[in-house]
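Here is how the chains run, residue by residue.
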Amino acid sequence: MKKNDYLKMLIQDNETEKQPKRELYEAVIECTIEALSQADDNFEVDHTIGCAELFEVIRKNQSDGCVSPFKASELIAAKLGVSYTCPIDKLKAKICGTALSGGRRKISLDDL
């Protein structure tokens, strides 16, 4: 299924959800839109992957009970098989001249 058709399907499917899942899945859809934002409109998405499965990917990868929207977008992109680079990583590469990395580095607070 084409990217935009997939997003439309997620939005329409979510209309039938009841609160609080509806609000939760709206946030998942926002992260999915971000995850697919760098993909071509002709990118094919597996239409069998819905909000519940995307949320489960996020839930399994959270630490300390929380995950940022951009980290969620990275996780969703990986699940959907699309390349995604976090905006801050792009900006750092442009401003600081650093190479884009495949993932985020972990920084120890002791190093600061």
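Residues numbered from 1 in each chain as written. Predicted model: local features only at pLDDT ≥ 70, side-chain atom pairs only at ≥ 80, totals over all residues. Heavy atoms only, no water.

A separate point is the environment of Phe55. Within the element layout of this structure, Phe55 appears in helix 3 (residues 51-60). Taking C-alpha positions, Phe55 is 8.6 Å from Leu24, a pair spaced 31 residues apart along the chain. Beyond its immediate chain neighbours, meaning those up to four positions away, Phe55 contacts Leu24, Tyr25 and Val28. (Helix = DSSP H or I, 4+ residues; strand = E, 2+ residues; numbered from the N terminus. Contact = heavy atoms within 4.5 Å.)

On to unusual backbone geometry. Backbone torsion omega between Gln19 and Pro20 reads 5°, so that peptide bond is classified as cis. Tracing the backbone shows Pro20 in the loop between helix 1 (3-14) and helix 2 (21-36).

Attention shifts here to the nonpolar core. For soluble globular proteins, the rule of thumb is that nonpolar side chains tend to be buried together. Membership of the largest hydrophobic core comes to 22 residues, with the highest contact counts inside it found for Tyr6, Leu10, Val28, Leu36, Leu54, Ile76 and Leu80. For this core, the secondary structure elements donating two or more residues are helix 1, helix 2, helix 3 and helix 4 (69-80). Excluding its chain neighbours within four sequence positions, the residues that come into contact with Leu80 are Tyr6, Thr32, Leu36, Phe43, Val45, Ile49 and Leu54. (Core = buried A, V, L, I, M, F, W, Y, C linked by side-chain atoms within 4.5 Å. Buried < 20%, exposed > 50% of the residue type's maximum accessible area, 1.4 Å probe, protein only.)

Okay, the side chain of Lys3 next. Among the structural elements, Lys3 can be located in helix 1. With sequence-adjacent residues up to four places away left out, Lys3 is seen in contact with Leu36, Ser37, Ala39, Asp40, Asp41, Phe43 and Val45.

Bringing helix 4 into the picture now. Helix length check: helix 4, at 12 residues, gives a terminal C-alpha distance of 16 Å against a target of 16 Å (1.5 Å per residue), a fit within 8%. Within the span of helix 4, buried status applies to Ala72, Ser73, Glu74, Leu75, Ile76, Ala77 and Leu80. Just downstream of helix 4 lies Gly81, where phi reads positive at about 75°. (Expected span 1.5 Å × (residues − 1).)

Between helix 1 and helix 2, the shortest axis-to-axis distance is 10 Å and the interhelical angle comes to 170°. Relative to helix 2, helix 1 is oriented roughly antiparallel. Contact with helix 1, carried on its side by Lys3, Tyr6, Leu7, Leu10, Ile11 and Asn14, involves Lys21, Arg22, Tyr25, Glu26, Ile29, Thr32, Ile33 and Leu36 of helix 2 and no other residues of that element. Of the residues assigned to the contact of helix 1 with helix 2, the class counts are 8 nonpolar, 2 polar and 4 charged. (Axes fitted to C-alpha atoms, helices over the stretch in contact; angles between N-to-C directions. Parallel < 35°, antiparallel > 145°, perpendicular 65-115°, else oblique. Nonpolar A, V, L, I, M, F, W, Y, C, P; charged D, E, K, R; others polar.)

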